[in-house]
Amino acid sequence: MTHDERHPHRITASLVAALAIGASMAWSAPAFASTALAQKYACVACHQPAVKVVGPSWKEIGARYGDGKGSAAQLAASMKAGSSGKWGAMPMPAQAQVPDADLQALAQWVLDGAK
C-alpha cells in the first residue's frame, strides 16, 4: 500500500485546493459574459433573450444599440448609472455594485447577440 493509498483524504484536499485556486484565478481575470454572468447579477429578473419581461429583451437592446449605433462602453455606462424613459416608464436601476469589467463584458455580450 502506497502512502497516498493510506491517506486518500490528502489527495482529495489537494484537489479541492487546486480547484479553488483555479476558480479564483478565472474570476479575477476580466469576465467573459454569458447567461451565467447575467444570472450572477440577476439581470435575468428583468431581461430575457427574446421576450420583454420588465425591461427589454437582449435582442431588442442589441437591435437598438448594435451595428455601430452604440458602443459597449456606452451601454456599460448606462447600465452602471441606470436610466429612465429609454424603454418606457419602467426605470433601469443603477448597477453600480457590478464591477466595470463585468459591465463591459455584459454590454459587449448583448451587442454581440447575447450568445
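See the structure shown above.
Residues numbered from 1 in each chain as written. Predicted model: local features only at pLDDT ≥ 70, side-chain atom pairs only at ≥ 80, totals over all residues. Heavy atoms only, no water.

Further remarks concern a nonpolar patch on the surface. A surface patch of nonpolar side chains, amounting to about 260 Å² of accessible area, comprises Val53, Val54 and Met90. Tracing the backbone through its elements, the reader meets Val54 in the loop between helix H3 (35-40) and helix H4 (58-65). (Patch = residues over 30% accessible without salt bridge, like charges linked within 9 Å, V, L, I, M, F, W, Y side chains within 5 Å. Areas by Shrake-Rupley, 256 points an atom, 1.4 Å probe, with all protein chains shown as cover. Salt bridge = Lys/Arg side-chain N within 4 Å of Asp/Glu carboxyl O. Helix = DSSP H or I, 4+ residues; strand = E, 2+ residues; numbered from the N terminus.)

A separate point is the layout of surface pockets. Computed from the structure, the largest pocket encloses a volume of approximately 570 Å³. Looking at the largest pocket, it is lined by 32 residues, and the ones nearest its centre are His47, Pro56, Ile61, Met79 and Met92. Elements with a minimum of two residues in the lining of the largest pocket: H4, helix H5 (72-81) and helix H6 (100-111). Considering each element in turn, the lining of the largest pocket owes the most residues, four residues, to H6. Taken together, the residues of the lining of the largest pocket sort by class into 23 nonpolar, seven polar and two charged. (1 Å grid on protein atoms, 1.4 Å probe; cavity = no way out; pocket = protein on both sides within 12 Å on 5 of 7 lines; lining within 4 Å. Points joined across faces, edges and corners; volume = space filled by probe spheres on them. Nonpolar A, V, L, I, M, F, W, Y, C, P; charged D, E, K, R; others polar.)

Attention shifts here to the nonpolar core. In this structure, Trp58, Leu75, Met79, Leu106, Ala107, Trp109 and Val110 are the most contacted members of the largest nonpolar core, which totals 18 residues. Only H3, H4, H5 and H6 provide two or more residues apiece to this core. Of all the elements, H6 adds the most residues to this core, at seven residues. Setting aside chain neighbours within four positions, we find Val110 in contact with Trp58, Ile61, Gly62 and Leu75. (Core = buried A, V, L, I, M, F, W, Y, C linked by side-chain atoms within 4.5 Å. Buried < 20%, exposed > 50% of the residue type's maximum accessible area, 1.4 Å probe, protein only. Contact = heavy atoms within 4.5 Å.)

Centre distance and the angle of the planes are the two values used to describe a pair of aromatic rings. Scanning the model with the defined rule gives two aromatic pairs in all. Measuring from centroid to centroid gives 5.0 Å for Trp58 and Trp109, while their planes differ by 65 degrees, and the two rings are edge-to-face. Taken as a pair, Trp58 in helix H4 and Trp109 in helix H6 lie far apart in primary sequence, 51 residues in all. For Trp58, a relative accessible area of 6% translates into the label buried. On the basis of relative accessibility, which here comes to 6%, the residue Trp109 falls in the buried class. When the ring of Tyr65 is compared with that of Trp87, the centres are 6.4 Å apart and the planes differ by 65 degrees; the resulting orientation is edge-to-face. Highlighted residues: Tyr65 in helix H4 and Trp87 in the loop between H5 and H6, separated in sequence by 22 residues. A cation over a ring is seen here: Arg64 above Trp87, with NZ or CZ 3.6 Å from the ring centre. (Phe/Tyr/Trp six-rings, centres within 6.5 Å; stacked < 30°, edge-to-face > 60°. Lys NZ or Arg CZ within 6 Å of the ring centre and 35° of its normal.)

Here we come to the side chain of Ser57. Mapped onto the fold, Ser57 is located in the loop between H3 and H4. Residue contacts for Ser57: discarding those within four places in its chain leaves Gln48, Pro49, Ala50, Val51 and Lys52.

Counted under the stated rule, the structure contains one salt bridge. Between Asp100 and Lys80 there is a salt bridge, and its shortest N-O distance comes to 2.6 Å. Placement of Asp100 in helix H6 and of Lys80 in helix H5 is noted, with a sequence separation of 20 residues between them.

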